[in-house]
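Here are the chains, one letter per residue:
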Amino acid sequence: MYAQLVDTGTQSLRSLEELAPQERAFQDRIDAGVKIEPKDWMPEAYRKTLIRQISQHAHSEIVGQLPEGNWVTRAPTLQRKAILLAKIQDEAGHGLYLYSAAETLGVSRDELLAALHSGKAKYSSIFNYPTINWADMGAVGWLVDGSAIINQIPLCRCSYGPYARAMIRVCKEESFHARQGFDIMMALCKGSPEQKQMAQDALNRWWWPALMMFGPSDAESVNSAQSAQWRIKLHSNDELRQRMVDQTVPQVEYLGLNVPDPDLRWNEDTGHYEFGEIDWSEFHNVLKGNGPCNRERLRTRVKAYEDGQWFRDALVAHADKHAEPQPRVA
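Residues numbered from 1 in each chain as written. Predicted model: local features only at pLDDT ≥ 70, side-chain atom pairs only at ≥ 80, totals over all residues. Heavy atoms only, no water.

Enquirer: What is the right way to look at a nonpolar patch on the surface in this model?
Expert: A cluster of nonpolar side chains, contributed by Trp310, Phe311 and Leu315, occupies part of the molecular surface with about 370 Å² of accessible area. Inspection of the secondary structure assignment puts Trp310 in helix α13 (residues 309-323). Residue classification places Trp310 among the exposed positions, given a relative accessible area of 61%. (Patch = residues over 30% accessible without salt bridge, like charges linked within 9 Å, V, L, I, M, F, W, Y side chains within 5 Å. Areas by Shrake-Rupley, 256 points an atom, 1.4 Å probe, with all protein chains shown as cover. Salt bridge = Lys/Arg side-chain N within 4 Å of Asp/Glu carboxyl O. Helix = DSSP H or I, 4+ residues; strand = E, 2+ residues; numbered from the N terminus. Buried < 20%, exposed > 50% of the residue type's maximum accessible area, 1.4 Å probe, protein only.)

Below, the structure written as structure tokens:
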């Protein structure tokens, strides 16, 4: 998921009987499938949790442009360049939708970006890995965006209206991104032995980070239980990760590649693939800012924001000018 380890501020999950009347009425609306809208009453913890989750999701979308932007000038064909540019533009739009959704909760975009640029706010761990050759563009689209879709489709049914509605368009565009990535991998696998090896190497690099995207098991997490009760989170991390593995392994086989997991095997009894242990120490180390590209990504993001200040100032000046009453022409 693009939002990981979201803190709900909850120490323990309360039953309906323990809730105040207003909180109980709020939970009854959620249980009935009624969307919560910005002007509706909501618990402060619900509001803050949504701000953390939506803003982290938005940050991930705009930081996620950076590893792909490096390859615009080096795409192998004009068509590939145009497709990659369209994808990067989509990611910027996703960030815009999500920042707008977060603003409905009473937080400003300036506050959210300041938290990102200072390092206080987090974004998905997956974007702190390098894209060292063109095959990484295929692996990112196929595995990273494919994993994002698995997580984000349920969010179209989450309890907060603006977030759910934003996710409908985001998911449609992410489907294109995943197909684009798989198409790159397919082209490489149909090419020379060296090109197919590039695809295998990219799969080896991105397989485990993609599984980490969903976050550690939340079986014992109070935060996950609370988010599930509020219908901000609709499936557990383990359920989503299992869907990703079950969906992706047949695609790997179709490409003629090998999953870099010696423990991977099909379980006839469960109807699912079993896979090896994930190195969660790597995940937590990346989240702490010690991944291969953490500092580079944040530094590049801050520079881009500062370099664009003149343009934002010009937009504001233009809007202010046209907001002024215009003199009547005699």
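The discussion continues.
Enquirer: Where do I start with the packing of aromatic side chains in this structure?
Expert: Centre-to-centre distance and the angle between the planes together describe a pair of aromatic rings. Per the stated rule, a full pass over the model turns up nine aromatic pairs. Through successive ring pairs, a cluster of aromatic residues spans Phe26, Trp41, Tyr46 and Trp230. The cationic tip of Arg74 hangs over the ring face of Trp71; the distance from NZ or CZ to the ring centre is 4.0 Å. The cationic tip of Arg312 hangs over the ring face of Tyr305; the distance from NZ or CZ to the ring centre is 3.7 Å. (Phe/Tyr/Trp six-rings, centres within 6.5 Å; stacked < 30°, edge-to-face > 60°. Lys NZ or Arg CZ within 6 Å of the ring centre and 35° of its normal.)

Enquirer: Can you walk me through the pattern of salt bridges in this structure?
Expert: Per the stated rule, a full pass over the model turns up 13 salt bridges. Where Arg205 meets Asp136, a salt bridge forms, and the shortest distance between an N and an O atom there is 2.9 Å. Of this pair, Arg205 sits in helix α8 (residues 193-212) while Asp136 is found in helix α6 (residues 134-155), placing the two residues 69 residues apart along the sequence. A residue is classified by how much of its surface remains accessible, and Arg205, at 28% relative accessible area, is partly exposed.

Enquirer: Help me out: how do you make sense of the packing of α6 against α8 in this one?
Expert: Geometrically, a packed helix pair is captured by the angle between its two axes and the distance between the axes. Running from N to C, α6 and α8 cross one another at 35°; their axes reach a closest spacing of 9 Å. Seen along the crossing, α6 lies across α8 with a hand that is right-handed. Here Trp134, Ala135, Asp136, Ala139, Val140, Trp142, Leu143, Val144 and Ser147 of α6 come into contact with α8, specifically with Met198, Ala199, Ala202, Leu203, Arg205, Trp206, Trp207 and Ala210. When the residues that make up the contact of α6 with α8 are grouped by side-chain class, the tally is 14 nonpolar, one polar and two charged. (Axes fitted to C-alpha atoms, helices over the stretch in contact; angles between N-to-C directions. Left-handed = near helix turned anticlockwise from the far one by under 90°. Contact = heavy atoms within 4.5 Å. Nonpolar A, V, L, I, M, F, W, Y, C, P; charged D, E, K, R; others polar.)

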